[in-house]
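Tertiary structure, described
Single-letter residue listing:
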Amino acid sequence: MSTYNEVFDIIIIGAGPCGLAVAARLREETPSAMFTDEEHQRYHWIKKHQGKMSLARAKTKRLYNAPLAESSYYKTQRCCANDNSRSTYSTLVLDSSGSRWMERWHRAFKALRIEHLRSPMFFHVDPADRDGMLAYTRETGREKELFELSGCVGQELSKHKRKKIRNISQFPREAEINERDRKDYFTPSTSLFADYCNSIIARYGLDNESVPIQRSEVCDITFGEVQGSKDDSKLFTVSTTHGKSFHSRAVVLAVGPGLTKMMPWNLSSDEELGACHSSEVGVKFPSAALARKIENRQTTHVVVVGGGLSSAQFADMAIARGVTKVWHIMRGDLKIKHFDVSLNWVGKFKNYDKAVFWSADDDQERFEMIQTARNGGSITPRYQKILKQLAAKDRVSIHTQTVISSKKFDSGTQTWKIVTDPPIANFPDRIDYVCFATGMKTDANEMGLLQSMNRDYPIESINGLLCLTDDLMWKPDVPLFVTGRLASLRLGPAAPNLEGARLGAERIAWALQDVLGEQTDVDFCGREGEKLQKAFCGLGNRYESLAQCS
Ligand SMILES: Cc1cc2nc3c(=O)[nH]c(=O)nc-3n(C[C@H](O)[C@H](O)[C@H](O)COP(=O)(O)OP(=O)(O)OC[C@H]3O[C@@H](n4cnc5c(N)ncnc54)[C@H](O)[C@@H]3O)c2cc1C
């Protein structure tokens with residue numbers, strides 16, 4: 001039993017997009033990112049008139065047709081700016097990457113020199129407005145920073161009309177996205193997205209002063225009685241590698257893919273001088289030896305392993321930094337996709353695939369759907385074009401269905417002797433650096449910080465993904481909430497992406513109200529409230545729920 005000190009209402013572990021989305025959502029009184037304008041109007045109506053008049057009379061008020069008079073972005077800016085006291089939950093954020101929101105994200109984008117996001121405009125962390133990023137872009141006059149995703153939209157156009165559109169992409173079409181949604185299928189520039197996130201942080205008063213973010217790696221979480229606590233209820237004890245412990249009534253685990261890199265072998269300390277994982281590129285690449293060669297204009301060869309977008313981004317960045325040639329090898333084929341998940345999952349609202357996912361018989365079935373939808377690493381048509389251009393200049397050489405069969409690092413010359421299977425023609429004798437863009441290993445059973453929870457409150461998992469409650473809780477009565485990749489079996493195939501952040505935050509915020517008590521004047525009680533909660537969290541049929549409440 002640990003000893004009592006200050007008890008936070010919530011400890012958020014992980015200050016990435018998922019952690020930020022939860023913190024922001026907890027301070028948003030009128031969440032609307034998850035539903036349509038019609039539902040939005042309905043929500044506001046219910047909130048305004050709750051307890052004052054019969055819900056059945058809602059229909060006579062014609063609120064559904066009321067247009068939004070001004071940009072919802074600025075409206076939310078104004079209404080929230082002066083009211084950050086709204087969240088009464090005391091919150092501590094712990095993150096291993098830094099003491100600001102989204103440090104890991106910013107570092108990865110900077111290290112790989114990524115200019116645009118991969119995801120569409122409605123993938124963001126703003127709980128106030130599903131179209132918030134579009135509105136922000138317009139209000140700040142930054143439309144030029146958007147990059148159109150060609151080939152996603154407009155399949156309902158007639159063949160004749162399509163023929164008339166010049167330069168139409170040859171990208172294989174997977175799903176039908178209506179022409180009217182074209183505005184959503186742009187990707188924001190890295191800086192536009194960062195500024196938008198900063199505006200959300202400012203809007204909800206989530207800067208470090210009101211919500212402390214401590215740079216610490218969490219190594220253990222326990223749930224039980226704490227000596228000296230004021231009541232008998234169980235508390236969480238969250239311990240860090242710095243030897244500190246913190247207590248809270250609820251914990252939100254938003255650690256993304258975790259911290260374990262997927263490597264084909266464990267690098268020795270010598271080998272680390274000539275290789276790194278793509279998540280370490282910012283600090284380790286180029287090595288001193290490689291940097292010297294580039295500076296002296298010597299010929300340099302670098303190998304990148306992996307078929308995901310990071311591998312292509314690394315190849316592009318390495319050439320831009322002066323490497324002579326990048327050998328891009330991957331064990332599978334090079335897959336080209338706009339998003340990490342297939343296009344039919346990237347709908348703005350609920351669609352057929354999501355409905356099938358949520359109504360699947362069991363988690364094994366859901367896991368298989370996730371695998372099919374993500375289908376391993378892929379690169380975007382844009383990076384395919386970049387790689388093709390570099391290959392045409394003999395700066396990049398792509399080798400699919402190829403693996404490293406043997407390797408030896410020479411610490412004297414700090415170069416590698418690498419043999420591939422099958423052998424690559426004209427492959428250099430000496431490779432100056434190897435980057436493993438091989439992803440992260442996300443397995444809840446192997447994560448050090450979950451060992452105590454797995455032992456004391458075991459729950460099922462499928463291939464390392466947790467079988468949580470629908471509220472994303474570890475177990476009923478164990479208010480450890482999980483969002484992001486680890487919650488994929490509940491949030492769907494896009495859980496590891498920004499879509500998972502917003503969706504996860506919505507469910508967690510509703511459930512936290514039950515665990516910690518109400519913090520705002522929004523309170524949907526009883527059966528009707530339960531239906532609405534389900535509806536807004538994307539569970540069940542929300543039209544049915546809304547109709548039943550009328
Ligand atoms: C290069 C790159 C580009 C990407 N581009 C896109 C994109 O354009 N669109 C998109 O939707 N997705 C993109 N993704 C996927 C992206 O990672 C997710 O969308 C997003 O980062 C998920 O947020 P998260 O909060 O779940 O995880 P993360 O961003 O990984 O944040 C998790 C945080 O938890 C911290 N943490 C982990 N373990 C611990 C611990 N034990 N103790 C304390 N803190 C811990 C980490 O340091 C990190 O700061 C990209 C990924 C990469 C690598």
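Residues numbered from 1 in each chain as written. Predicted model: local features only at pLDDT ≥ 70, side-chain atom pairs only at ≥ 80, totals over all residues. Heavy atoms only, no water.

Thoughts on unusual backbone geometry
- P286 follows F285 through a cis peptide bond whose omega is -5°.
- Each neighbour pair has its own omega, and for D421 with P422 the value is -5°, a cis peptide bond.
- Checked against the element boundaries, P422 lands in the loop between β14 (415–421) and β15 (433–436).
- Within the chain, N463 stands out as a residue other than glycine whose phi angle is a positive 50°.
- Here N463 lies in the loop between β16 (461–462) and β17 (465–466).
- At D477, a position not held by glycine, the phi torsion is positive, near 75°.
- Mapped onto the secondary structure, D477 falls in the loop between β18 (473–475) and β19 (478–482).
- According to the relative accessible area criterion, D477 is exposed, its value standing at 69%. (Helix = DSSP H or I, 4+ residues; strand = E, 2+ residues; numbered from the N terminus. Buried < 20%, exposed > 50% of the residue type's maximum accessible area, 1.4 Å probe, protein only.)

Thoughts on the pairing of strand β2 (residues 91–95)
- For β2, the tally of buried residues reaches five of five residues, placing the bulk of the element in the interior.
- Residues T91, V93 and D95 of β2 are buried on one face, and the alternating residues L92 and L94, pointing to the opposite face, are buried as well.
- Summarising the sheet, strand β1 (residues 7–13) and β2 pair through four bridges and their orientation is parallel. Its bridge partner lying in β2, I12 is registered against V93.
- Relative to strand β5 (residues 213–215), β2 runs parallel, the two sharing three bridges. (Pairing = 2+ DSSP bridges.)

Re the packing of aromatic side chains
- This model, assessed by the stated rule, comprises 14 aromatic pairs.
- For the ring pair F285 and Y433, a centre distance of 5.3 Å and an interplane angle of 70° mean the geometry is edge-to-face. With F285 in the loop between α8 (281–284) and α9 (288–295) and Y433 in strand β15, this residue pair connects regions lying 148 residues apart in the sequence.
- Here F285 falls in the buried class, since its relative accessible area comes to 4%. (Phe/Tyr/Trp six-rings, centres within 6.5 Å; stacked < 30°, edge-to-face > 60°.)

Topic: the layout of surface pockets
- Estimates place the volume of the second largest pocket at around 580 Å³.
- Lining the second largest pocket are 29 residues, with F147, P381, R382, Y383 and K385 positioned closest to its centre.
- Among the elements of the structure, β3 (147–148), α10 (309–320) and α13 (381–392) are those that each provide at least two residues to the lining of the second largest pocket.
- It is α13 that provides the largest number of residues to the lining of the second largest pocket, a total of eight residues.
- Across the lining of the second largest pocket, the residue classes break down as twelve nonpolar, nine polar and eight charged.
- Each of domain 1 (7–149 + 185–258 + 444–549) and domain 2 (271–340 + 377–436) accounts for three or more of the residues forming the lining of the second largest pocket. (1 Å grid on protein atoms, 1.4 Å probe; cavity = no way out; pocket = protein on both sides within 12 Å on 5 of 7 lines; lining within 4 Å. Points joined across faces, edges and corners; volume = space filled by probe spheres on them. Nonpolar A, V, L, I, M, F, W, Y, C, P; charged D, E, K, R; others polar. Domains from an automatic or database assignment.)

Thoughts on the packing of helix α5 (residues 132–139) against helix α7 (residues 190–203)
- The interhelical angle for the contact between α5 and α7, taken along N-to-C directions, is 105°, at an axis separation of 11 Å. By the angle class used here, α5 and α7 are roughly perpendicular. Residues G132, M133, Y136 and T137 of α5 form the contact with α7, whose participating residues are L192, F193, D195, Y196 and S199.
- For the contact of α5 with α7, the class distribution of residues is five nonpolar, three polar and one charged. (Axes fitted to C-alpha atoms, helices over the stretch in contact; angles between N-to-C directions. Parallel < 35°, antiparallel > 145°, perpendicular 65-115°, else oblique. Contact = heavy atoms within 4.5 Å.)

By themselves, these observations are geometric and do not establish any function.
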